[in-house]
Amino acid sequence: MKSTLLLFSLLAFVFVGHAQESRRERAVARPNHIMLDPISLIAGPVLNFSYERAINEDVGLGLHSLLGLGAMDEMIQFSPFGRLYVGGSHGAGFFMEAFVPITNMEETFQKYSDAHANYTEVTERRTSAGLGVGLGGKWLFKRNLMLEVGGGIARKFINTTDNTESITGKWMIGFGYAF
């Protein structure tokens, strides 16, 4: 009876070890990740997507994009990012990230005109940049499908004015594919 129990325990250990190794091998073989946030697309309408390349087991580099559509078409934001994964498999698990939001927005503000001695409404496109940090998690499922939940906050440092917000952010509740 003891030898049968020992045999089943040994076989279970081997199968579990093999299953974990094959999942890790699958993650290593698929270092490119694309994500799309359907919630932002429906509610925004904002096209919220990202691309990431897993450099090694703990580090990933990528680009996150927010593109306004319809009534929100005046907003464009690109955020290159670097991630440090603190748990999970290759390029997946919980992560901390640093990112650089580069935002281009159409701004409308009041400007005083000396020639006419009154205020006029002026619309300009301005590009600003900043630095931010974020947290989140990414999970790899069968058939190379992925789920990512994360967000971050940043402060704009370059090309800010009194009329604009100096805080920006990024978010992702997205579904994706690893290839």
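If you look the chain up in an unreviewed UniProt entry, it shows as DUF3575 domain-containing protein from Sphingobacterium corticibacterium.

Draft legend 1. Representation of unusual backbone geometry in the model. Within the chain, arginine 143 stands out as a residue other than glycine whose phi angle is a positive 60 degrees. A relative accessible area of 70% places arginine 143 in the exposed class. Positive phi, normally seen in glycine, also occurs at asparagine 144, with a value near 60 degrees.

Draft legend 2. View of the packing of aromatic side chains. Applying the stated rule across the entire model yields 2 aromatic pairs. For the pair tyrosine 85 and phenylalanine 95, a centre-to-centre distance of 5.7 Å together with 70 degrees between the ring planes defines the contact as edge-to-face. Of this pair, tyrosine 85 sits in strand β4 (residues 75-85) while phenylalanine 95 sits in strand β5 (residues 93-99), and the two are 10 residues apart along the sequence. The exposure class of tyrosine 85 is buried, given its relative accessible area of 4%. Centroid distance phenylalanine 94 to tryptophan 139: 5.9 Å. Interplanar angle 90 degrees. Geometry classified as edge-to-face. Of this pair, phenylalanine 94 sits in strand β5 while tryptophan 139 is found in strand β7 (residues 118-140), placing the two residues 45 residues apart along the sequence. A residue is classified by how much of its surface remains accessible, and phenylalanine 94, at 51% relative accessible area, is exposed.

Draft legend 3. View of the pairing of strand β9 (residues 167-178). What you see with β9 is a clean split: Thr168, Lys170, Met172, Gly174, Gly176 and Ala178 sit on the buried side and Ile167, Gly169, Trp171, Ile173, Phe175 and Tyr177 on the side with no burial. Bridge analysis of strand β1 (residues 32-36) against β9 gives 4 bridges, and the strand direction is antiparallel. By the bridge assignment, leucine 36 is partnered in β9 with phenylalanine 175. Pairing geometry for strand β8 (residues 145-158) and β9, over 11 bridges, is antiparallel.

Draft legend 4. Structural view of the pattern of salt bridges. Applying the stated criterion to the full structure yields 6 salt bridges. Between arginine 83 and glutamate 97 there is a salt bridge whose closest N-O contact spans 2.7 Å. With arginine 83 in strand β4 and glutamate 97 in strand β5, the pair connects residues that are 14 residues apart, well separated along the chain. Exposure remark for arginine 83: the relative accessible area of 4% places this residue in the buried category. Put simply, glutamate 148 and arginine 83 hold a salt bridge, and the shortest N to O gap is 2.8 Å. A residue pair is termed long-range when its members are at least 10 positions apart, and glutamate 148 in strand β8 and arginine 83 in strand β4 qualify at 65 residues. Residue class for glutamate 148 comes out buried when judged on its relative accessible area of 2%. Salt bridges sharing partners connect three or more residues here, namely Glu52, Arg83, Glu97, Lys138, Glu148 and Lys170.

Draft legend 5. Quick look at the environment of asparagine 118. The topology assignment puts asparagine 118 in strand β7. Exposure remark for asparagine 118: the relative accessible area of 36% places this residue in the partly exposed category. With sequence-adjacent residues up to four places away left out, asparagine 118 is seen in contact with Lys111, Tyr112 and Ser113.

Criteria and thresholds
Residues numbered from 1 in each chain as written. Predicted model: local features only at pLDDT ≥ 70, side-chain atom pairs only at ≥ 80, totals over all residues. Heavy atoms only, no water. Buried < 20%, exposed > 50% of the residue type's maximum accessible area, 1.4 Å probe, protein only. Phe/Tyr/Trp six-rings, centres within 6.5 Å; stacked < 30°, edge-to-face > 60°. Helix = DSSP H or I, 4+ residues; strand = E, 2+ residues; numbered from the N terminus. Pairing = 2+ DSSP bridges. Salt bridge = Lys/Arg side-chain N within 4 Å of Asp/Glu carboxyl O. Contact = heavy atoms within 4.5 Å.

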